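# Architecture and fold: a report
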Amino acid sequence: RRRHARGAGGDFLAASRAALTLSKNLRAVELSCADAQPESIDEDVLESLVEALPKSIEVLSITECKALADPQRLSGIKRLKKLRSLSFEGTSLERLPDELCDLSELRDLNLSSCLLLYQLPEPLGSCCAKLMKRVLNGCRRVELLPSSLSLLDHLAVLDLQDCTGLRGLPDLSGLNHLRNVGRH
């Protein structure tokens, strides 16, 4: 019973696509493109990987995949209704996929070092009401956070370190669980 898959680069992708579709008990997938050959991972490969993930996935981490720029390539995440933790750390996304709002169980969102990210979906606070931790450190192009952020009653951590483009924050005074707002 496989509950966790981890790998790096194209070898992991090629070997794992078939296994992912067969593994109904898989709960976590961590993919790092940091050591991969650039030509071995493109948006088509990443899109097919996301489409092949079983619906049981609770943790999905796609890190350092510079080929990941088009949020529409991630539309398959809407099937992952049990997803609790999502990381796109170090990708080239400029904005998040609208399908993120279909993830009502999401508690942890890591967008660290998404240097090209400039926009977050406005309804994120209302559709991902269980979000407890949001990490945006190093997202230098983000200028505004959605006002719906004030609806995240369970938000405890908001990491905004090195978000140098940020012009201000929405009203967070009603967030009673918020304990850590890291800001540079």
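The following refers to the structure shown.

Along its length, the chain carries three helices and eight strands. Listed by position from the N terminus, the elements making up the chain come as β-α-β-α-β-β-β-α-β-β-β. Buried positions account for 48% of the 184 residues belonging to the chain. In the chain, 56% of the contacts between residues at least 6 apart in sequence involve partners at least 24 apart. In the structure as shown, the chain presents an accessible area of about 8,800 Å², 47% of it carried by carbon and sulfur atoms.

Our next topic: the environment of Glu47. Position of Glu47 relative to the elements: it lies in helix α2 (residues 43–52). Classification of Glu47 by relative accessible area gives partly exposed; the value is 24%. Each C-alpha atom of the pair Glu47 and Leu68 lies 9.0 Å from the other, and the pair is 21 residues apart in sequence. Within the structure, the side chain of Glu47 is placed 2.9 Å from the side chain of Arg73, a separation counted as a polar contact.

This part is about the side chain of Glu99. For Glu99, the location among the structural elements is in the loop between β4 (85–87) and β5 (108–110). At 4.9 Å, Lys78 is the nearest oppositely charged side chain to Glu99, a buried residue that forms no salt bridge. Excluding its chain neighbours within four sequence positions, the residues that come into contact with Glu99 are Gln72, Ser75, Ile77 and Lys78.

Evaluated as defined, the whole model comprises two disulfides. With a sulfur-sulfur separation of 2.4 Å, Cys101 is cross-linked through a disulfide to Cys127. Here Cys101 and Cys127 share a disulfide; its torsion about the S-S bond, -45 degrees, makes the bridge left-handed. Remark: Cys127 occurs in helix α3 (residues 124–127) and Cys101 occurs in the loop between β4 and β5; sequence separation between them is 26 residues.

Examined against the element boundaries, Asp159 turns out to sit in strand β7 (residues 157–160). For the buried residue Asp159, which engages in no salt bridge, the nearest side chain bearing the opposite charge is Lys133, 7.4 Å off. Among the polar contacts made by the side chain of Asp159, one reaches the main-chain amide nitrogen of Gln161 at a distance of 3.0 Å. Excluding its chain neighbours within four sequence positions, the residues that come into contact with Asp159 are Arg134, Val135, Leu136, Asn137 and Gly182.

What follows deals with unusual backbone geometry. Backbone geometry at Glu64 places phi at a positive 55 degrees, although glycine is not the residue there. When you line up the elements, Glu64 lands in the loop between β3 (59–63) and β4. Accessibility expressed as a relative area gives 31% for Glu64, which makes it partly exposed. The backbone of Ser113 sits at a positive phi, close to 60 degrees, despite the residue not being glycine. Its place among the elements puts Ser113 in the loop between β5 and α3. Residue Ser113 is classed as partly exposed on the basis of its relative accessible area, which comes to 32%.

In this section: the nonpolar core. Judged by nonpolar contacts, the single largest core of 49 residues is most densely connected at Leu60, Leu86 and Leu111. Taken together, the elements giving at least two residues each to this core come down to β2 (28–32), α2, β3, α3 and β7. Ranked by residues supplied to this core, first place goes to α2 with three residues. Beyond its immediate chain neighbours, meaning those up to four positions away, Leu60 contacts Val29, Leu53, Ile77, Leu80, Leu83, Ser85, Leu86 and Ser87.

Procedures and definitions
Residues numbered from 1 in each chain as written. Predicted model: local features only at pLDDT ≥ 70, side-chain atom pairs only at ≥ 80, totals over all residues. Heavy atoms only, no water. Helix = DSSP H or I, 4+ residues; strand = E, 2+ residues; numbered from the N terminus. Buried < 20%, exposed > 50% of the residue type's maximum accessible area, 1.4 Å probe, protein only. Contact = heavy atoms within 4.5 Å. Areas by Shrake-Rupley, 256 points an atom, 1.4 Å probe, with all protein chains shown as cover. Polar contact = N/O pair within 3.5 Å; in protein donor to acceptor, adjacent residues only side chain to side chain. Lys, Arg positive; Asp, Glu negative; His and termini not counted. Salt bridge = Lys/Arg side-chain N within 4 Å of Asp/Glu carboxyl O. Disulfide = S-S within 2.5 Å. Core = buried A, V, L, I, M, F, W, Y, C linked by side-chain atoms within 4.5 Å.

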